[in-house]
Amino acid sequence: MDALLTLLSENPMIVISGEKIARQIGVSRSAVWRWTQRLRALGVRVKGHQRTGYRIERVPDVLSPSLLRRRLRNSPFGKRIYHYFKTASTNSIALELGHAGEPHGTVVIAEEQTGGRGRAGRLWHSEKTSGIYVSALLRPQISPIVAPLITMVAGLAVRDAVQEETGVAADLRWPNDLLADGKKFCGILTEMYAEPSQIRFVIVGIGINVNHRAMPAELAGIATSLRILTGKPQSRLQLLVRLLRHLETYYNRFLAEGAQPILSRFAEVSSYARGKRVRIVTADESYVGTTDGLESNGLLRVRRDDGRTAVVISGDVSEAN
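Parameters at a glance
- Residues numbered from 1 in each chain as written.
- Predicted model: local features only at pLDDT ≥ 70, side-chain atom pairs only at ≥ 80, totals over all residues.
- Heavy atoms only, no water.
- Salt bridge = Lys/Arg side-chain N within 4 Å of Asp/Glu carboxyl O.
- Helix = DSSP H or I, 4+ residues; strand = E, 2+ residues; numbered from the N terminus.
- Phe/Tyr/Trp six-rings, centres within 6.5 Å; stacked < 30°, edge-to-face > 60°.
- Buried < 20%, exposed > 50% of the residue type's maximum accessible area, 1.4 Å probe, protein only.
- Lys NZ or Arg CZ within 6 Å of the ring centre and 35° of its normal.
- pLDDT = per-residue confidence, 0-100.
- Pairing = 2+ DSSP bridges.

Topic: the pattern of salt bridges
Argument step 1. Tallying each qualifying case throughout the model produces 19 salt bridges.
Argument step 2. Of the charged contacts, one joins Arg-277 and Asp-305 as a salt bridge, the two residues approaching to 2.7 Å between their closest N and O atoms. Within this pair, whereas Arg-277 is found in strand S10 (residues 274–281), its partner Asp-305 is found in the loop between strand S12 (300–304) and strand S13 (309–312), the two being separated by 28 residues in sequence.
Argument step 3. Within the structure, one salt-bridge network assembled from shared partners comprises Glu-285, Arg-304, Asp-306 and Arg-308.

See below:
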């Protein structure tokens, strides 16, 4: 199907016979017909039928591996791309691939997720062909102690990509959310497989609300999309390319220069890094305080209202009234 989509996209407005398509991509004409129907179901505007041929009215915003590879030449994220039209969770697939020995830079993409996951087991709303649902497999030679910085690396990559592509300057809410107009449009779920002294691999899952016209009623007060924010549709393909390019840059800088450049950049662009009144909810307690910077491993310091200083390892962080 990727080959069919690429062939049609490279020849917009040109009618190509089913026989020629079948010959070029090495399948039967009936398979071309079936796959064309699936593309239409995804919103790709394909005209024609089995007897006369097919043409595409415009290049579709489908995250085709072939189209991505062309734009990600010389990047580790352009070499091994697994694309699904529908799956439960890209992170779950990436975890399986990590255990199976897939190399650093392997990417898993879905047009739709039925069981997208956020932190603490929460569901992530994954509307079909509207968002970016991607997981990247990383194999960093670092200590598990500094692994939380990988989430910051991903957050900075998303922020830069979004600003370049859409003009939206997002706020980073420690450790894994991106906000605009006070509402969340991106979440990051980092999962690690490691031994006490060594990381085997890290999965960075990123979900971005891109072209959602509206959010479900239960999320409308706290979530938004780039389309809602800008008033126009955005190219998921271009945004994903920018994201993976920035992820490569920040990741390589982290490995080469250590934590400080990542911590400094995060503190520069996140209102939550220092001086923010926040409520922290952990598995054991809830308290209010003011953020007081980042530890060397990326954990958040908070000066509690009771006078103590806490280092937040995990938990929900929200702005306090």
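The rest of the description comes next.
Considerations on the packing of aromatic side chains
Where two aromatic rings form a pair, the distance of their centres and the angle of their planes describe that pair.
Argument step 1. Evaluated as defined, the whole model comprises one aromatic pair.
Argument step 2. For the pair Tyr-193 and Phe-201, a centre-to-centre distance of 5.4 Å together with 35 degrees between the ring planes defines the contact as tilted.
Argument step 3. We classify Tyr-193 as partly exposed; its relative accessible area is 39%.
Argument step 4. With a relative accessible area of 1%, Phe-201 lands in the buried category.
Argument step 5. The aromatic ring of Tyr-272 is capped on one face by Lys-276, whose charged end is 4.8 Å from the ring centroid.
Argument step 6. Over the ring of Tyr-287 we find Arg-304, and its NZ or CZ is 4.1 Å from the ring centre.

Concerning the side chain of Thr-36
Argument step 1. Relative to the assigned elements, Thr-36 resides in helix H3 (residues 29–41).
Argument step 2. A relative accessible area of 0% means that Thr-36 is categorised as buried.

Points about the confidence of the model for the chain
Argument step 1. On average, residues of the chain score 91 in pLDDT, and 95% of them are at 70 or above.
Argument step 2. When pLDDT is averaged over each helix and strand of the chain, the minimum, 78, is found for strand S1 (residues 46–49) and the maximum, 98, for strand S6 (residues 171–173).

Regarding the pairing of strand S9 (residues 198–209)
Argument step 1. When you tally the buried positions in S9, you get ten out of twelve residues, the bulk of the element.
Argument step 2. Pairing of strand S5 (residues 131–138) with S9 involves eight bridges; the strand directions are antiparallel. Counterpart to Ala-136 in the pairing with S9 is Val-204.
Argument step 3. Sheet topology places strand S8 (residues 183–195) next to S9; ten bridges connect them, and they run antiparallel. Across the sheet, residue Leu-189 finds its bridge partner in S9, namely Gly-205.
Argument step 4. If you look at the hairpin formed by S8 and S9, you'll find two residues sitting between the two strands.

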